[in-house]
Amino acid sequence: MENKKRNSVATVLLTIVCILWMYPIVLILINSLKKEVAITTSGVFSLPTSETWNGVANFVASVTQMDFLKSFWYSLVISVMSVVLIMLCCSMAAWYIVRVNGKLSKMFYYLCVFSMVVPFQMVMFTLKLNNPYNICIIYLGFGAGLAVFMFTGFVKGIPLEIEEAALIDGCSPLQVFFKVLIPILKPTIISTAILELMWVWNDYLLPTLVLDIKKYKTIPMAVQYFRGSFGHVQMGPMMASIMIDIIPIIIVYLVCQKYIIEGVVAGAVKG
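Nothing here was measured: the structure is a model prediction, and the numbers come from that model. (Residues numbered from 1 in each chain as written. Predicted model: local features only at pLDDT ≥ 70, side-chain atom pairs only at ≥ 80, totals over all residues. Heavy atoms only, no water.)

Remarks on the overall build of the protein chain
Applied cut-off: Only DSSP runs of H or I reaching four residues or more are called helices, and only runs of E reaching two or more are called strands; each is numbered from the N terminus. Residue burial is assigned from relative accessible area. The probe radius is 1.4 Å, only protein chains are included, and a residue is buried under 20% of its type maximum, exposed over 50%, and partly exposed in between. The contact definition used throughout considers only heavy atoms, calling two residues in contact when any of these lie within 4.5 Å. Areas reported as accessible are Shrake-Rupley estimates using a 1.4 Å probe. Residue values count occlusion only from the protein chains shown.
For the protein chain, the helix and strand inventory stands at 13 helices and zero strands. Along the chain direction, N to C, the helices and strands of the protein chain fall in the order α-α-α-α-α-α-α-α-α-α-α-α-α. Taking all 271 residues of the protein chain together, 40% fall into the buried category. When contacts within the protein chain are restricted to residue pairs at least 6 apart in sequence, long-range pairs at least 24 apart make up 73% of them. When the accessible surface of the protein chain is totalled, it reaches about 16,000 Å², and 72% of it is carbon and sulfur.

What about the pattern of salt bridges?
Note the cut-off: Each salt bridge in this description consists of a side-chain nitrogen of Lys or Arg and a carboxyl oxygen of Asp or Glu lying within 4 Å of one another.
For the structure shown, the criterion picks out one salt bridge. Among the salt bridges present, the one from R99 reaches E163, with a minimum N-O distance of 2.7 Å. Taken as a pair, R99 in helix 4 (residues 68-100) and E163 in helix 7 (residues 160-168) lie far apart in primary sequence, 64 residues in all. For E163, a relative accessible area of 5% translates into the label buried.

A few points about the state of the cysteines
Here is the rule we go by: Cysteine sulfur atoms are paired as a disulfide whenever they come within 2.5 Å of each other.
Applying the stated criterion to the full structure yields zero disulfides. The thiol sulfur of C90 is not disulfide-bonded, and the nearest other cysteine sulfur, from C89, lies at 6.5 Å. With relative accessibility at 2%, the residue C90 sits in the buried group.

Things to note about the confidence of the model for the protein chain
What counts, and what does not: For every residue, the predictor assigns a confidence score, pLDDT, that lies between 0 and 100.
The predicted model of the protein chain averages 81 in pLDDT, with 87% of residues at 70 or higher. Taking the mean pLDDT of every element in the protein chain, the minimum, 60, falls on helix 13 (residues 257-270) and the maximum, 89, on helix 4.

Concerning the side chain of T192
Convention followed: Here a polar contact means two N or O atoms within 3.5 Å. Within protein one must be a hydrogen donor candidate and the other an acceptor candidate, and residues neighboring in sequence count only if both atoms are side-chain atoms.
Within the secondary structure layout, T192 lies in helix 9 (residues 186-202). At 2.8 Å, the side chain of T192 and the backbone oxygen of T188 are in polar contact. Those residues in contact with T192 that sit more than four places away from it in its chain are M87, A147, M150 and F151.

Some remarks on the packing of helix 7 against helix 8 (residues 173-184)
We count it as follows: Helix axes are fitted only over the stretch in contact, all axes being lines through C-alpha atoms; the angle between N-to-C directions runs from 0 to 180 degrees. In what follows, roughly perpendicular refers to angles from 65 to 115 degrees, roughly parallel to angles under 35, roughly antiparallel to angles over 145, and oblique to any angle outside these ranges. What makes a crossing left-handed is the near helix being turned counterclockwise from the far one by less than a right angle; a clockwise turn instead makes it right-handed.
Helix 8 packs onto helix 7 with a crossing angle of 140 degrees between their chain directions and a minimal axis gap of 10 Å. Considering their axes alone, helix 7 and helix 8 lie oblique with respect to each other. In terms of crossing hand, the pair formed by helix 7 and helix 8 is right-handed. Of the residues in helix 8, those touching helix 7 at I162, E163, A166 and L167 are P173, V176, V180, L181 and I184.

Put into structure tokens, the structure is as follows:
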């Protein structure tokens, strides 16, 4: 009886937390379907009516005004290349750190974990990283800390005998990594990749600091261009563009949800 009460209380609390978590997204969706005047006069909390309903007009304006296809392409290129680079380099680094387990590897591990304190902004223009294809190197530096930390914990839980057996069968170290280790790390790779992807896709500050904004704009950067002069904001198209920015991440999360849960459970067991 006591456990049932605790479970009921926990269910109610978690339901409230979920509602509070989802409320901003629902609010953005509601306002993305309303006319501009309705948002500014009746307020952002009112539901759309037959008079205030604007349908997909805000989404059409968002796509046409902010050059959506180009911004989407730059966001996609930066996100995919950055995440792939982080996953590949950091999984290899974690494997090296765990299997070598020497002073140098431990020092390398701590450098990776604390890599977020490295001031990349001081060298980004010197290294000419101010384009969508080179900014991935900066993201690798910033994202290496979390990725190496997570991969190191998981690699420690993989028996060394599996790799030794593969080496005896004639596999090279690279074959061991790609054919043996990567399949085992699949849940970890996907869960870490989702975290890194959410960060890179939604990042506004770093692309703004690094990229040439006259040539390149990611979706978060393009959203800001709905702010006009004298503080005027096109609320309808802005809300619609935010929804467009959110949808791809939600789809990726739903598709990979099973692997994310597997990765978290594996981490709880192996950690």
